[in-house]
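# Overview (structure and organization)
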Amino acid sequence: MKIISYNINTCSQRKIKELFKMDADVYVVPEIAREDKIKLPDGFEMK
């Protein structure tokens, strides 16, 4: 299982796309200030 934790200060869609290229099973991404502005890949959700 691959887990990635990244403090994504000043979140942008570009950073999210780069993060998901790492192909992990779990992503821990604190400081996403505007969840409504970010689109996650299918099968992922914010909790």
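The structure contained in this document is the topic of the report that follows. Quick caveat: nothing in here was measured; it's all calculated off a predicted structure. (Residues numbered from 1 in each chain as written. Predicted model: local features only at pLDDT ≥ 70, side-chain atom pairs only at ≥ 80, totals over all residues. Heavy atoms only, no water.)

## Topic: the overall build of the protein
The helix and strand inventory of the protein stands at 1 helix and 2 strands. Along the protein, helices (α) and strands (β) appear in the sequence β-α-β when read from the amino end. When its C-alpha atoms are laid out on the principal axes, the protein stretches across 30 × 20 × 20 Å. Scored against the burial criterion, the 47 residues of the protein give a buried share of 21%. A sequence separation of at least 24 residues applies to 27% of the contacts in the protein between residues at least 6 apart. Working note: accessible area of the protein is about 3,900 Å², and carbon and sulfur atoms make up 50% of it. (Helix = DSSP H or I, 4+ residues; strand = E, 2+ residues; numbered from the N terminus. Buried < 20%, exposed > 50% of the residue type's maximum accessible area, 1.4 Å probe, protein only. Contact = heavy atoms within 4.5 Å. Areas by Shrake-Rupley, 256 points an atom, 1.4 Å probe, with all protein chains shown as cover.)

## Points about the nonpolar core
Judged by nonpolar contacts, Ile4, Ile8, Ile16, Leu19, Phe20, Ala24, Tyr27, Ile32, Ile38 and Leu40 together constitute the single largest core of 10 residues. The residues touching Ile16, leaving out its near neighbours within four places in the chain, are Ile8, Cys11, Ile32, Ile38, Lys39 and Leu40. (Core = buried A, V, L, I, M, F, W, Y, C linked by side-chain atoms within 4.5 Å.)

Keep in mind these values describe shape, not function.
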